[in-house]
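Summary of the model geometry
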Amino acid sequence: MKSPFPGLDPYLQEFWSDVHTSMMTYIRAQLQQRLPEGLWTRIEESVTIDDPSDEPRTVYPDVHVIEERFRASTWEAEPEGGVAVAQPLVIPAERPPQRHIEIVHTRSGARVVTAIEVLSPANKVEPTYQSYWRKQQDYIRGGVNLVEIDLLRGGAHVVAVPNEPLLRQRRRDCIISVYRVNPWAEYQVYPVSLRERLPRFRVPLRATDRDVPLDLQAVLDQCYANGRYDIGIDYAQPPDPPLDAEDREWAAALLAETSRR
């Protein structure tokens, strides 16, 4: 079953970790079929490291090695105060990895041509925002095309395009930003409204390549259908974050019309 909303379903944010993973897979599959010879897409994983002597930093490991510190649950041989205390099973906690998509040139040492970031809540809050910002600047300084897909309603403005020009434009709920290296550096911005279909936009590649189209609405529709979110979402309740008064009235009418409320 399809979402009752014509574009971005505001109720999906509750399940964003799952949606995010699916979007990465479906975006890669859609682009892989359309890339010219010599280019391919891959999903890369980065991990945020907390260094007590420095700010949190992001690294891209070839192999992720975790030291196992599991201990069997036992009783202390010499209990304190005459009361036996159980030893807990200790499981190391890790920050969730941050994934992104890269389009690479296979014949030049896997040089990154275009990076695609689907933003998660961790990208839009401190302290992990700083790690994302540094990665973003590394792409731009390295001459890499950068596509940022921010479908999260709330949190800080973190996409690379400056926010001031956007504030003078029409109202928007979310944003897609494309930093294009060739033929000159520029930002291409696609405002996202809850009331409209998500855009089908162009993804830049090498200077000699034609752009490839990415149908983001088709990706999100596939996420919704395969994730069976029609079962998990309670449309009788307000979404989180809540809608403003105008959108709340519009959404209520839409959900009533589609028999979801």
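Residues numbered from 1 in each chain as written. Predicted model: local features only at pLDDT ≥ 70, side-chain atom pairs only at ≥ 80, totals over all residues. Heavy atoms only, no water.

1. So, the overall build of the protein chain
Along the protein chain, the regular secondary structure elements total 6 helices and 9 strands. When contacts within the protein chain are restricted to residue pairs at least 6 apart in sequence, those whose partners lie at least 24 apart make up 64%. (Helix = DSSP H or I, 4+ residues; strand = E, 2+ residues; numbered from the N terminus. Contact = heavy atoms within 4.5 Å.)

2. Side note on the pairing of strand E5 (residues 145-150)
With respect to burial, E5 is a largely interior element, 6 of its 6 residues being buried. In E5, alternate side chains face the same way, and those of Asn145, Val147 and Ile149 on one face and Leu146, Glu148 and Asp150 on the other are all buried. Taken together, strand E4 (residues 111-118), helix H2 (residues 128-141) and E5 form a β-α-β motif whose crossover is right-handed. Two strands pair when backbone bridges link them, and E5 and strand E6 (residues 174-180) are joined in this way by 5 bridges, in the antiparallel orientation. Bridging from a neighbouring strand, glutamate 148 pairs with serine 177 of E6. (Buried < 20%, exposed > 50% of the residue type's maximum accessible area, 1.4 Å probe, protein only. Right-handed = clockwise from strand over helix to strand, strands pointing away. Pairing = 2+ DSSP bridges.)

3. Focus: unusual backbone geometry
With an omega dihedral of 0 degrees, the bond running from asparagine 182 to proline 183 counts as a cis peptide bond. Along the chain, the position of proline 183 falls in the loop between E6 and strand E7 (186-192). The linkage connecting aspartate 240 with the following residue, proline 241, adopts the cis geometry, with an omega of 5 degrees. Here proline 241 lies in the loop between helix H5 (229-232) and helix H6 (245-257). In this model, arginine 228 sits at a positive phi of 50 degrees, which is unusual for a non-glycine residue. Checked against the element boundaries, arginine 228 lands in the loop between helix H4 (216-227) and H5. Its relative accessible area of 44% is what places arginine 228 among the partly exposed residues. Positive phi is not limited to glycine here, since serine 259 has a value of about 60 degrees. Relative to the helices and strands, serine 259 resides in the segment after H6.

4. What to know about the packing of aromatic side chains
Applying the stated criterion to the full structure yields 8 aromatic pairs. Both rings, one in tyrosine 190 and one in phenylalanine 201, keep their centres 5.4 Å apart while their planes meet at 40 degrees; by these two values the pair is tilted. Of this pair, tyrosine 190 sits in strand E7 while phenylalanine 201 sits in strand E8 (residues 200-203), placing them 11 residues apart in sequence. Note on accessibility: tyrosine 190 and phenylalanine 201 belong to one class, buried. Among the aromatic residues, ring-to-ring pairing joins Phe5, Tyr11, Tyr235 and Trp250 into one connected group. (Phe/Tyr/Trp six-rings, centres within 6.5 Å; stacked < 30°, edge-to-face > 60°.)

5. Comments concerning H2
The end-to-end C-alpha separation of H2 is 20 Å, in line with the 20 Å expected for 14 residues at 1.5 Å each. Along H2, the positions that sit buried rather than exposed are Thr128, Ser131, Tyr132, Lys135, Gln136, Gln137, Tyr139 and Ile140. Positive backbone phi, approximately 70 degrees, marks glycine 143, located one or two places after H2. (Expected span 1.5 Å × (residues − 1).)

6. What about H4?
Counted at 1.5 Å a residue, the expected span for H4 with its 12 residues is 16 Å, and the 16 Å between its end C-alpha atoms agrees. The complete set of buried residues in H4 reads Leu216, Gln217, Val219, Leu220, Cys223 and Tyr224. Along the axis of H4, the buried residues cluster in a sector spanning 160 degrees; they form a single face. Along its buried surface, H4 packs onto helix H1 (16-32), E5, E6, E8, strand E9 (212-215) and H5. (Arc of directions from axis to C-beta.)

7. Here's the deal with the environment of arginine 42
Considering the arrangement of structural elements, one finds arginine 42 in strand E1 (residues 39-49). With 18 residues separating them in the primary sequence, arginine 42 and methionine 24 have C-alpha atoms 9.5 Å apart.

8. What about the side chain of aspartate 215?
Relative to the elements of secondary structure, aspartate 215 occurs in strand E9. Taking the relative accessible area as the measure of exposure, aspartate 215 reaches 14% and is therefore buried. Reaching out from aspartate 215, the side chain makes a polar contact with the side chain of arginine 197 at a distance of 3.0 Å. Apart from the residues within four sequence positions on either side, aspartate 215 is in contact with Gln30, Arg197, Pro199 and Arg200. (Polar contact = N/O pair within 3.5 Å; in protein donor to acceptor, adjacent residues only side chain to side chain.)

9. Here's the deal with the packing of H1 against H4
At their nearest, the axes of H1 and H4 sit 9 Å apart, and the two run at 130 degrees to each other. Classified by the angle between their axes, H1 and H4 sit oblique to one another. Crossing of H1 against H4: the hand is right-handed. Contact with H1, carried on its side by Val19, Ser22, Met23, Tyr26, Ile27 and Gln30, involves Leu216, Ala218, Val219, Leu220, Gln222, Cys223 and Asn226 of H4 and no other residues of that element. Grouping the constituent residues of the contact of H1 with H4 by class yields 9 nonpolar, 4 polar and no charged. (Axes fitted to C-alpha atoms, helices over the stretch in contact; angles between N-to-C directions. Parallel < 35°, antiparallel > 145°, perpendicular 65-115°, else oblique. Left-handed = near helix turned anticlockwise from the far one by under 90°. Nonpolar A, V, L, I, M, F, W, Y, C, P; charged D, E, K, R; others polar.)

All we've got here are geometric facts, nothing functional implied.
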